[in-house]
Amino acid sequence: MSRRSAFALLALAALLTHGPSAAAQATLVIRGRIWTGDPAHPWASALAVAGDTIAAIGDRASVARLIGPATEVVDAPGLVTPGLQDGHTHFIDGGFQLASLDLRTVATPAEFIRRIRDFVRHVPKGKWIIGGDWDHTLWPGQPLPRHEWIDSVTPDNPVFLERLDGHEALANAAAMRAAGITRATAAPPGGEIGHDPRTGEPTGMFKDQALRMVYGVVPDPTPEERDSALVRALAYAASLGVTGTSSMWASFADLQSFRRIERAGRLTMRAALYLPLEDWEAVADTIAADGAGDDWVRIGGLKEFMDGSAGSRTAFFAEPYADSAGYRGLLRNRPADMAHWIGAADSVHLQVAVHAIGDSANAILLGIYDSVTTAHGPRDRRFRIEHAQHLRPQDISRFGRLGVIASVQPYHLVDDGRWIQHRIGPVRIHSTYPFRTLLDTHAVLAFGSDWTVATLDPIQGIAAAVTRRTSDGKNPGGWVPEQKITLSEALRAYTWGNAYANFTETHRGTLAPGKWADITVLDKDLFTLPPAELGTARAVLTVVGGKVVYRRPGALLAHPRP
């Protein structure tokens, strides 16, 4: 038992014997149907919070003794869970996207052009327009956009708009001029520049490492702009019941923004930031000089990319794409470079998280992790693979055997299930998003969203993992249904799994005395809903560090104390 837990239990014993004093009484009591996340004791009917910590959890009668005159008492209308966490976001980018051009639901090229035209009318001349999150798989014929589509409606603004997966983007002519891109410009290793097959001129499409060629001339946001984006993202996350995240491919500027907001007393969630793996020396030096951080904001580790995405046809597969003869995708970084960086980072005890989507990219990365582990010896390193979407059957059990965390995003299958079979064929889909088999072979699942690639709402991710229903309505019984998991397993991946994935499971991920008071309250009991209705639940109360950071207006009624 931890020192924190022992202290909390002693305090509870004193309270039950003598009654709550003004200083020791619970600050918050939540009553209702509580899923604790502890497999040994999964259910309770009341919990008490004292300051930033859970003081007690059990039945209503025992917890009632902790209620004093200053205690807020909440009766939950639906389900109470440990604070829902998102294991993979691009969090501040999400805050920028909330105030930017949104092309996610665009269904035709004509609508794509119209939305950009309407947005540009309100943007000062010369200002860059980024964001977008378009999805050409929604369009008839699925053509990739070209710069000529939008040049006439964006004559005074450079534009660089990403596909929703972030692995390809459209630049208009002004953006390409700013970046010095011509027909003679060569793509960097691990990237591609689209060219018209007739004229040889660039089409405006940039993939993976080639995106850096344009982003390199986009002005950095000011600290004030970055802080505003973070505050927007925090408010949005709190409204969805999200109490913590791992923010991937973050920058030192992002870290500074989180710390400024924390110092200002405006932080409403916990964040572990994963900085670029290639910067491992600078990260190690920063931690050595200043520490990794505190309970609210800290450097979680390092993040890098093996490959791209299936949606952009840049995920790296062992066999060619079914709809692209001979093409297997691309590796964003050479395996030799990845092995060097991962080995160096592990040698200074930094956690490593690497994006891998194609089956060959995952196999290569698992091999690197295995080699580094063998070379450096056993320790609790918790290597992570981000996405792990397409796996060779023989590689699935390697996650559990090697102790590699599968940091996966279940809502992606809601989108990908509409079209991925056309790209990889009917055989490979059976080991795609293989959540059931990963769990059965003892892997740890940590669920997230990849926001803004997919919705930040964890309830939608839970529904996706349990039902595997695709957004086109064509798989009511589930797409690759043998890979469904249970509701408890999905909740555990959004709570304990994410805590374990960044070494905080002793403090959060389950509801128990002495743990941080990070709690999500939903308006419906997920365990009594039909699976098809899981996605209708909404957060009504979000508590982080014992403080209510979101309360849905009108959703919670006051009740008399006993």
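Residues numbered from 1 in each chain as written. Predicted model: local features only at pLDDT ≥ 70, side-chain atom pairs only at ≥ 80, totals over all residues. Heavy atoms only, no water.

*Asks:* How would you explain the overall build of the protein if you had to name every residue and give the values?
*Replies:* Across its full length, the protein holds 19 helices and 21 strands. For 562 residues, the compact-globule formula gives about 24 Å, and the C-alpha radius of gyration of the protein, at 24 Å, lands near that figure. When the backbone C-alpha atoms are referred to their principal axes, the protein occupies close to 85 × 55 × 55 Å. Counting over 562 residues, the protein shows a buried share of 57%. Excluding contacts between residues fewer than 6 apart, the proportion of contacts in the protein whose partners are at least 24 apart in sequence is 73%. (Helix = DSSP H or I, 4+ residues; strand = E, 2+ residues; numbered from the N terminus. Rg over C-alpha atoms; globule rule 2.2 N^0.38 Å. Buried < 20%, exposed > 50% of the residue type's maximum accessible area, 1.4 Å probe, protein only. Contact = heavy atoms within 4.5 Å.)

*Asks:* Go over the environment of Thr452 with me, naming the residues and quoting the values.
*Replies:* Topologically, Thr452 is positioned in the loop between strand E18 (445-447) and helix H17 (458-467). Separated by 321 residues in the primary sequence, Thr452 and Gly131 place their C-alpha atoms 9.6 Å from one another. If we ignore the near neighbours within four places in the chain, the residues touching Thr452 are Asp93, Gly94, Gln97, Arg104 and Asp133. Of note is the side chain of Thr452, whose polar atom sits 3.0 Å from the side chain of Asp133. (Polar contact = N/O pair within 3.5 Å; in protein donor to acceptor, adjacent residues only side chain to side chain.)

*Asks:* Account for the sheet that holds strand E1 (residues 28-35), with residues named and values stated.
*Replies:* An order of E3-E2-E1-E4-E19-E20-E21 is seen for the 7 strands of this open sheet, with the pairing classed as mixed. Edge strands, defined here as strands with exactly one partner in the open sheet, are strand E3 (53-58) and strand E21 (547-551). Pairwise comparison of adjacent strand axes, ignoring direction, gives a mean angle of 35° for this sheet. (Pairing = 2+ DSSP bridges. Axes fitted to C-alpha atoms, helices over the stretch in contact; angles between N-to-C directions.)

*Asks:* Please provide a residue-by-residue account of the nonpolar core, values included.
*Replies:* Counting 93 residues, the largest nonpolar core has Ile342, Phe399, Phe447 and Leu526 as the members making the most contacts within it. Residues contacting Phe399, with those up to four places away along its chain left out, are Asn362, Leu366, Ile385, Ala388, Leu391, Val404, Ile405, Ala406, Leu438 and Ala443. Formed by 18 residues, the second largest nonpolar core is a distinct cluster that contains Leu28, Val49, Leu511 and Leu541. (Core = buried A, V, L, I, M, F, W, Y, C linked by side-chain atoms within 4.5 Å.)

*Asks:* Before we move on, could you go through the side chain of Asp86 and cite the residues and values that matter?
*Replies:* Note that Asp86 resides in strand E5 (residues 84-89). For Asp86, which is buried and forms no salt bridge, the nearest opposite charge comes from Arg384, at a distance of 7.9 Å. If we skip the residues at most four places from it in the chain, Asp86 touches Val242, Gly244, Thr245, Ser246, Phe447, Gly448, Ser449, Asp450, Leu456 and Asn498. (Lys, Arg positive; Asp, Glu negative; His and termini not counted. Salt bridge = Lys/Arg side-chain N within 4 Å of Asp/Glu carboxyl O.)

*Asks:* Talk me through the sheet that holds strand E16 (residues 384-387); I want residue IDs and the actual numbers.
*Replies:* Read from one edge to the other, the open sheet built from 8 strands follows the order E5-E12-E13-E14-E15-E16-E17-E18, with strand pairing classed as parallel. The outermost strands of the open sheet, each flanked by one partner alone, are E5 and E18. Direction aside, neighbouring strands of the sheet carry axes that sit 25° apart on average. The strands touched by helix H10 (residues 280-290) within the sheet are strand E13 (270-276) and strand E14 (297-305), with E14 carrying the most contacts at an inclination of about 170°.

*Asks:* Could you give an account of the side chain of Ser360, naming the residues involved and the relevant values?
*Replies:* Looking at the element boundaries, Ser360 is found in helix H12 (residues 359-376). Using a relative accessible area of 12% as the deciding quantity, one classes Ser360 as buried. Setting aside chain neighbours within four positions, we find Ser360 in contact with Phe316, Phe317, Ala318 and Arg328.

*Asks:* Pulling in residues and values, what's your account of the packing of helix H11 (residues 335-347) against H12?
*Replies:* Relative placement of two packed helices is described by the angle separating their axes and the distance separating the axes. Where H11 meets H12, the axes come as close as 10 Å, and the angle between the chain directions of the two elements is 40°. With respect to their mutual orientation, H11 and H12 come out oblique. For the crossing formed where H11 meets H12, the hand is right-handed. Contact residues: Pro335, Met338, Ala339, Ile342, Gly343, Asp346 and Ser347 in H11; Ile364, Leu365, Ile368, Tyr369, Val372 and His376 in H12. Considering only residue class, the contact of H11 with H12 consists of 9 nonpolar, 3 polar and 1 charged. (Parallel < 35°, antiparallel > 145°, perpendicular 65-115°, else oblique. Left-handed = near helix turned anticlockwise from the far one by under 90°. Nonpolar A, V, L, I, M, F, W, Y, C, P; charged D, E, K, R; others polar.)

*Asks:* Explain the environment of Asn362 to me, and be specific about the residues and the numbers.
*Replies:* Turning to its location among the elements, Asn362 is positioned in helix H12. Remark: the alpha-carbon pair of Asn362 and Lys515, spanning 153 residues in sequence, is separated by 35 Å. Leaving out residues up to four positions away in the same chain, Asn362 has contacts with Ala356, Ile357, Ile385, Ala388, Gln389, His390, Leu391 and Phe399.

*Asks:* A description of the confidence of the model for the protein should follow, citing residues and the corresponding values.
*Replies:* Averaged over all residues, the pLDDT of the protein is 95; the fraction at 70 or higher stands at 95%. Confidence, read as mean pLDDT per element, is least for helix H1 (residues 3-18) in the protein (42) and greatest for E18 (99). Throughout residues 1-20 the model reports pLDDT below 50, and contacts reaching past four residues in sequence, or to other chains, amount to 30 contacts. (pLDDT = per-residue confidence, 0-100.)

*Asks:* Residues and numbers for helix H9 (residues 252-263), please.
*Replies:* Compared with an ideal rise of 1.5 Å per residue, which puts 12 residues at 16 Å, H9 spans 16 Å between its outermost C-alpha atoms and is within 8% of the ideal. Along H9, the positions that sit buried rather than exposed are Asp254, Leu255, Ser257, Phe258 and Ile261. Take H9 and look down its axis: the buried residues cluster within an arc of 160°, on one side only. Buried residues along H9 sit against helix H3 (91-98), helix H8 (223-239), E13 and E14. (Expected span 1.5 Å × (residues − 1). Arc of directions from axis to C-beta.)

*Asks:* Describe H3, with residues and values.
*Replies:* Buried residues of H3: Phe91, Ile92, Gly94, Gly95 and Gln97, and no others. Tucked into the core, H3 has its buried residues touching E5, strand E6 (101-102), strand E7 (129-134), H8, strand E12 (242-248) and H9.

*Asks:* Help me get a handle on the layout of surface pockets, residues and values and all.
*Replies:* When its volume is computed, the second largest pocket comes out at roughly 400 Å³. Every element with two or more residues in the lining of the second largest pocket is listed here: H3 and helix H14 (411-416). Within the lining of the second largest pocket, the residues separate by chemical class into 7 nonpolar, 5 polar and 6 charged. (1 Å grid on protein atoms, 1.4 Å probe; cavity = no way out; pocket = protein on both sides within 12 Å on 5 of 7 lines; lining within 4 Å. Points joined across faces, edges and corners; volume = space filled by probe spheres on them.)

*Asks:* Quick rundown of the pattern of salt bridges? Include the residues and the values.
*Replies:* Using the criterion set out here, one finds 34 salt bridges in the structure. Taking the shortest distance from any N to any O, the salt bridge between Asp254 and Arg226 comes out at 2.8 Å. With Asp254 in helix H9 and Arg226 in helix H8, the pair connects residues that are 28 residues apart, well separated along the chain. The pair Asp254 / Arg226 is uniform in exposure class, with both members buried.

*Asks:* Before we move on, can you summarise the packing of H17 against helix H18 (residues 487-494) with the specific residues and values?
*Replies:* The geometry of H17 relative to H18 is characterised by a closest axis approach of 9 Å and an angle of 140° between their N-to-C directions. Overall, the two elements H17 and H18 adopt an arrangement that is oblique. When the axes of H17 and H18 are compared, the crossing they make is right-handed. Across the interface between the two elements, Pro458, Gly461, Ile462, Ala465 and Val466 of H17 pack against Leu487, Ala490, Leu491 and Tyr494 of H18. A breakdown of the residues in the contact of H17 with H18 according to their chemical character gives 8 nonpolar, 1 polar and no charged.

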